[in-house]
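Letter by letter, the chains look like this.
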Amino acid sequence: MQVTLPPDTGTQRTALVSAADGRRQAPQSADSCAEGRTVGNMNRKSAMIGLVFTALAVTASDTEARRTGNVRREVIDMVVIHSTGGPTCDARTGRPIWVRAGTLEESIRQIEAHPKLGIHYMIDRDGALRASVPEDQVAHHVFRLSGRSIAIELINDGDGLDPFPDAQLTSLVKLLRDIKQRRGITRDGIRRHSELDHALLPCDRTQRRKVDPGAAFPHELILDRVFQPH
Ligand SMILES: [Zn+2]
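Report on the accompanying structure. (Residues numbered from 1 in each chain as written. Predicted model: local features only at pLDDT ≥ 70, side-chain atom pairs only at ≥ 80, totals over all residues.)

On the secondary structure map, R67 appears in the loop between helix 2 (60-66) and strand 1 (78-83). Accessibility expressed as a C-beta count within 10 Å gives 19 for R67, which makes it partly exposed. Distance from R67 to I111, taken between C-alpha atoms, is 9.2 Å for residues 44 residues apart in sequence. With residues near it in sequence (within four places) discarded, R67 still touches E112, S132 and V133. (Helix = DSSP H or I, 4+ residues; strand = E, 2+ residues; numbered from the N terminus. Buried ≥ 20, exposed ≤ 12 C-beta atoms within 10 Å, placed from the backbone. Contact = placed C-beta atoms within 7 Å.)

In structure tokens form, the structure reads like this:
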């Protein structure tokens, strides 16, 4: 992998990357969301071949290993909301591209096959919820703050245009209420990835590298729903 990781992503999972892992076309720096799934930019045929080979090459124990992270040393006081789509740098052309949302199945397979990155939850457009790394283990999804935060990825292009369906948002509210009650998370502790990483794209210094979940995500309304009496 040609991935350069931020300082907080140095020591984690030891999973091997399959030779057929489509994400060997990884960009210069990494995080979850768009950069964890650059296979979405490959042409459809090669992407599918990559996924098929990855599925064949990954044993059950490998898959299990990729769903684990380091034990937490910090108290969890933050939840970070991501979208699977977003800007990144194409490793082949060196130009900025926009990774589309992808499906839940391909997105979770890709993130779990990544040697460093991870997430705790992913929510599909229809509200289906999938868990990945356990909450009490660190998943590397945001620069410097992964040790104290839980990662939720929403299947969405993250471009401010792709709408978040009601079913997806209702599932998110339910999950956030549950985490809030178990972990004592405050309203200020539920953050968008775009609020926490203001770095620029290495291949285009006029663009932010993290803008997810994007302007179509109704953040304040979600917080109202999570924190209203119920
Ligand atoms: Zn993100």
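Don't stop here, the text continues.
Geometrically, the link from D212 to P213 is a cis peptide bond, its omega value of 5 degrees lying close to zero. Counting through the fold element by element, P213 comes out in the loop between strand 9 (204-208) and helix 6 (219-227). One non-glycine residue, R144, lies in the positive phi region at around 70 degrees. Among the structural elements, R144 can be located in the loop between strand 5 (129-131) and strand 6 (149-154).

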